[in-house]
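Here are the chains, one letter per residue:
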Amino acid sequence: MSLRIVVTVKYVPDATGDRHFADDLTVDRDDVDGLLSELDEYAVEQALQISENSDDDVEITVLTVGPEDAKDALRKALSMGADKAIHVEDDDLHGTDAIGTSLVLAKAIEKAGYDLVISGMASTDGTMGVVPALLAERLGVPQVTLLSEVSVEDGTVKGRRDGDAASEQLQASLPAVVSVTDQSGEARYPSFKGIMAAKKKPVESWDLSDLDLEAEEVGLEGAYTTVDSAAERPARTAGTIVKDEGEGGKQLAEFLASQKFI
Amino acid sequence: MAEVLVYVDHVDGAVRKPTLELLTLARRIGEPVAVALGNGAAATAATLAEHGAVKVLTHEAAEYTDYLVVPKVDALQAAHAAVSPAAVLVPSSAEGKEIAARLALRLGSGIITDAVDLEAGDEGPVATQSVFAASYTTKSRVSKGTPVITVKPNSAAVEAAPAAGAVEALEVTFSAQATGTKVTGRTPRESTGRPELTEAAIVVSGGRGVNGAENFAIIEALADSLGAAVGASRAAVDAGWYPHTNQVGQTGKSVSPQLYIASGISGAIQHRAGMQTSKTIVAVNKDAEAPIFELVDYGVVGDLFDVVPQLTEEIKARKG
Ligand SMILES: Cc1cc2nc3c(=O)[nH]c(=O)nc-3n(C[C@H](O)[C@H](O)[C@H](O)COP(=O)(O)OP(=O)(O)OC[C@H]3O[C@@H](n4cnc5c(N)ncnc54)[C@H](O)[C@@H]3O)c2cc1C
Ligand SMILES: Nc1ncnc2c1ncn2[C@@H]1O[C@H](COP(=O)(O)O)[C@@H](O)[C@H]1O
């Protein structure tokens with residue numbers, strides 16, 4: 001038996017950098033360093049663990065849709081231990097929204113061939129957390145999402161989803177789309193050996209024509225949503241800061257009372 | 001006037017507050033038609049009517065609890081077909097966003113998630129969002145299909161606006177995908193008796209500075225003196241001092257209370273992402289350089305083990 005896992009990973013601007021918008025109200029990627037979204041490292045990690053715990057022949061492909069530099073994200077995932085990578089890159093993709101991204105990813109996943117798709121819980125820039133559900137809808141396979149624990153055995157994926165009201169045990173047959181949370185287990189660091197090995201691993205590049213997609217279906221033009229304006233949030237007006245000299249708690253209470261919280 | 005579908009988040013018929021906030025926003029765009037599914041669906045009608053629902057579409061079936069997400073998408077799609085609404089509003093929970101996304105795809109529509117405000121516009125509803133850890137505010141709209149919009153808790157006031165709230169049974173035919181993901185077990189969360197974190201008017205949070213699970217009693221005591229919910233930073237959660245359901249931040253809950261009190265929390269960007277839109281922010285931290293002080297309306301540089309208990313005592317004394 002073999003198990004083909006496709007892990008979707010996103011290249012995102014560093015959250016600790018000064019992120020902002022470009023003139024066309026898309027995310028400006030020029031001035032901020034990019035990296036593999038930390039939340040997608042958890043997806044790569046779970047794919048590696050499923051592989052390590054499996055008697056099957058497991059092949060892990062990492063897939064990204066993004067600009068030239070997004071190759072960095074693929075390299076990192078390969079150095080963690082993934083087997084090969086696919087980079088979907090096309091100038092017409094600029095400004096693609098979640099609906100469009102899910103279309104491109106779904107086409108690429110189908111072309112690559114898969115038994116299991118693993119995504120992160122959300123991208124650290126868009127933070128929508130909707131792409132995995134959209135992928136399941138497009139691919140017509142079960143969605144087993146937001147798992148803090150996941151296992152695959154005999155063509156079945158099982159996992160635990162910790163929701164607000166309850167913690168649920170889920171189960172579905174493969175093929176399926178899974179997403180994992182940052183509670184699923186710390187992601188490993190690439191080893192030196194891993195980094196060296198990654199340099200030799202295959203990275204395929206596909207463009208829209210490889211996926212039988214038209215430019216109008218994606219990008220700003222194909223977007224289903226329009227951003228009309230983006231304004232920097234005014235800095236909060238400087239607050240009062242006091243040093244505790246033994247009365248700090250009382251002073252704070254006085255402030256809360258003045259604001260009618262007590 | 002055009003109708004607006006509102007997805008009802010309820011527990012056995014008890015409507016959760018964010019849904020009532022959605023009714024306030026829906027009334028700005030059109031006439032709210034609520035969709036309540038699963039056990040206790042019909043019991044939601046009285047509350048929904050009080051807050052402006054002209055109609056309540058209900059459907060009860062075991063599928064809603066036995067399988068993940070898709071049955072609810074099927075039902076909303078059926079409601080959309082029956083009503084042809086001007087927009088569909090869904091509470092911005094993890095599940096709400098997944099339901100909304102799949103619905104939008106089926107309708108050939110765009111989706112906006114995590115709106116913090118909503119108003120009527122010439123070209124359809126305009127949603128305000130807070131992005132990049134709340135450092136930017138954007139206004140967007142859905143430009144194709146029926147706008148599907150998820151709205152964060154605490155984005156609008158709950159308002160009484162009595163309406164008919166006539167209950168109608170919704171006809172739902174489940175899709176082939178509906179039974180794809182089975183829920184084989186469910187452990188309900190134990191109630192702490194404190195307000196729900198995302199809905200609370202006041203949130204009191206502790207971080208690594210709290211230094212131990214047992215010390216969270218200090219944070220809880222302050223919270224209880226104010227009738228507040230308890231939050232925690234990821235550092236405190238990762239250390240096992242407090243449950244992950246209470247984590248505030250990018251990968252935890254996003255809160256927007258009237259008052260947020262952070263103790264022993266440095267204010268990392270990922271923590272800010274979940275609390276920066278709070279109305280009033282207060283912090284206690286022994287490091288005067290901690291970034292959380294850039295956000296505060298009032299900050300105390302000091303040891304939380306001195307300041308917090310004194311604050312709690314003072315609040316109790318004042319409340320008598
Ligand atoms: C992808 C990703 C997602 C993340 N998601 C989240 C998230 O959702 N939520 C979140 O919170 N973090 C999140 N983080 C982690 C975040 O980056 C920080 O590591 C975390 O918020 C730090 O928690 P802290 O402020 O409690 O700890 P620290 O940064 O260690 O700060 C502790 C503070 O306590 C103060 N202190 C210590 N002792 C005392 C005392 N006795 N009295 C008063 N003050 C004291 C110290 O001065 C210090 O400022 C995420 C990180 C990543 C990479
Ligand atoms: N451009 C992309 N390329 C590859 N994977 C993506 C992309 N965008 C989103 N994803 C995947 O979808 C998950 C959720 O993203 P989002 O819905 O944008 O928050 C991420 O954690 C990734 O696994």
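Refer to the structure printed above.
Described below are features of the structure shown in this document. (Residues numbered from 1 in each chain as written. Chains lettered and ligands numbered in written order. Predicted model: local features only at pLDDT ≥ 70, side-chain atom pairs only at ≥ 80, totals over all residues. Heavy atoms only, no water.)

## Some points on the site of ligand 1
Next, step 1: By nearness alone, 27 residues border ligand 1, and B:Arg208, B:Ser233, B:Ser266, B:Gln270 and B:Asn285 come closest of all.
Next, step 2: With respect to ligand 1, its neighbouring residues span chains A and B.
Next, step 3: B:Ser266 places a polar side-chain atom, nitrogen or oxygen, 2.7 Å from an oxygen atom of ligand 1.
Next, step 4: The protein chains hide 82% of the 990 Å² of surface that ligand 1 would expose on its own.
Next, step 5: Elements that contribute at least two residues to the shell around ligand 1 include exactly helix 1 (38-52) of chain A together with helix 7 (234-238), helix 8 (269-272) and helix 9 (304-319) of chain B.
Next, step 6: For the shell around ligand 1, a count of residues per class yields seven nonpolar, 14 polar and six charged. (Near = heavy atom within 4 Å. Polar contact = N/O pair within 3.5 Å; in protein donor to acceptor, adjacent residues only side chain to side chain. Areas by Shrake-Rupley, 256 points an atom, 1.4 Å probe, with all protein chains shown as cover. Helix = DSSP H or I, 4+ residues; strand = E, 2+ residues; numbered from the N terminus. Nonpolar A, V, L, I, M, F, W, Y, C, P; charged D, E, K, R; others polar.)

## Focus on the interface of chain B and chain A
Next, step 1: Across the contact, 82 residues belong to chain B and 78 residues belong to chain A.
Next, step 2: Across the interface of chain B and chain A, roughly 7000 Å² is buried in total on both sides, 55% from carbon and sulfur atoms.
Next, step 3: Between B:Arg102 and A:Glu137 there is a salt bridge, with its nearest N and O atoms 2.7 Å apart.
Next, step 4: Among the elements that make up the side of chain B that touches chain A, the one with the highest residue count is helix 5 (residues 94-107) of chain B (nine residues).
Next, step 5: In the side of chain B that touches chain A, the residues fall into 33 nonpolar, 28 polar and 21 charged.
Next, step 6: Sheet topology note: the strand 13 (residues 240-243) of chain A/strand 17 (residues 298-301) of chain B ladder contains four bridges and is parallel. Residue pairing in the sheet places A:Val242 in a bridge with B:Val300 of strand 17 of chain B. (Contact = heavy atoms within 4.5 Å. Buried area = accessible area lost by both parts, 1.4 Å probe. Salt bridge = Lys/Arg side-chain N within 4 Å of Asp/Glu carboxyl O. Pairing = 2+ DSSP bridges.)

## Things to note about the packing of aromatic side chains
Next, step 1: By the definition in use, this model includes six aromatic pairs over all chains.
Next, step 2: Centre to centre, the rings of A:Phe21 and B:Tyr136 are 5.1 Å apart; their planes meet at 75°, and the pair counts as edge-to-face. Residue A:Phe21 is found in the loop between strand 2 (11-13) and strand 3 (34-36), and its partner B:Tyr136 is found in strand 9 (residues 136-142); the two belong to separate chains. Per residue, the accessibility class of A:Phe21 equals that of B:Tyr136, and both read buried.
Next, step 3: The interplanar angle of 70° and the centroid separation of 5.5 Å between the aromatic rings of B:Tyr64 and B:Phe174 together place this pair among those described as edge-to-face. Of this pair, B:Tyr64 sits in helix 3 (residues 63-66) while B:Phe174 sits in the loop between strand 11 (166-169) and strand 12 (182-188); the two residues are 110 residues apart in sequence, bridging distant segments of the chain.
Next, step 4: Among the aromatic residues, those joined into a ring-pair cluster are A:Phe21, B:Phe132 and B:Tyr136.
Next, step 5: Looking at A:Lys111, its charged tip hangs above the ring of A:Trp206, at a distance of 5.0 Å from the centre. (Phe/Tyr/Trp six-rings, centres within 6.5 Å; stacked < 30°, edge-to-face > 60°. Buried < 20%, exposed > 50% of the residue type's maximum accessible area, 1.4 Å probe, protein only. Lys NZ or Arg CZ within 6 Å of the ring centre and 35° of its normal.)

## Regarding helix 4 (residues 131-139) of chain A
Next, step 1: In terms of burial, helix 4 of chain A is largely enclosed, as seven of its nine residues are buried.
Next, step 2: Listed in full, the buried residues belonging to helix 4 of chain A are A:Pro132, A:Ala133, A:Leu134, A:Leu135, A:Ala136, A:Glu137 and A:Leu139.
Next, step 3: Close packing links the buried residues of helix 4 of chain A with strand 1 (2-8), helix 3 (98-112), strand 6 (116-120), strand 7 (143-153) and strand 10 (176-180) of chain A together with helix 5 of chain B.
Next, step 4: In the segment just after helix 4 of chain A, A:Gly140 is the residue with positive phi, at about 70°.

## What about helix 6 (residues 216-226) of chain B?
Residues and elements named next belong to chain B.
Next, step 1: Of the positions making up helix 6, those classed as buried are Phe216, Ile219, Leu222, Ala223, Ser225 and Leu226.
Next, step 2: Contacts from the buried residues of helix 6 go to strand 13 (202-206), strand 14 (229-232), helix 7, strand 15 (259-263) and helix 9.
Next, step 3: Two residues or fewer past helix 6, Gly227 is found with a positive phi of approximately 65°.

## Side note on the pairing of strand 10 (residues 148-151) of chain B
Residues and elements named next belong to chain B.
Next, step 1: Residues Val148 and Thr150 of strand 10 are buried on one face, and the alternating residues Ile149 and Val151, pointing to the opposite face, are buried as well.
Next, step 2: Here strand 6 (residues 87-91) runs beside strand 10; their pairing, made up of four bridges, is parallel. Opposite Val90, over in strand 10, you have Thr150 as the bridge partner.
Next, step 3: Across three bridges, the pairing between strand 7 (residues 111-119) and strand 10 is parallel.

## Overview of the site of ligand 2
Residues and elements named next belong to chain A.
Next, step 1: Close to ligand 2 lie 18 residues; Thr8, Asp40, Val65, Ser123 and Gly129 are nearest.
Next, step 2: A distance of 2.8 Å separates a nitrogen atom of ligand 2 from a polar atom in the backbone of Val65.
Next, step 3: Between ligand 2 and Val131, the relevant distance is 2.9 Å, taken from an oxygen atom to a main-chain nitrogen or oxygen of the residue.
Next, step 4: Computed on the free molecule, ligand 2 has an accessible area of 480 Å², of which 97% lies beneath the protein chains in the complex.
Next, step 5: If you list the elements that add at least two residues to the shell around ligand 2, you get strand 4 (57-65), helix 3, strand 6 and helix 4.
Next, step 6: Per element, the largest residue contribution to the shell around ligand 2 is three residues, and it comes from strand 4.
Next, step 7: Residues belonging to the shell around ligand 2 are distributed by class as follows: nine nonpolar, seven polar and two charged.

Remember that the coordinates give geometry; whether it matters functionally is a separate question.
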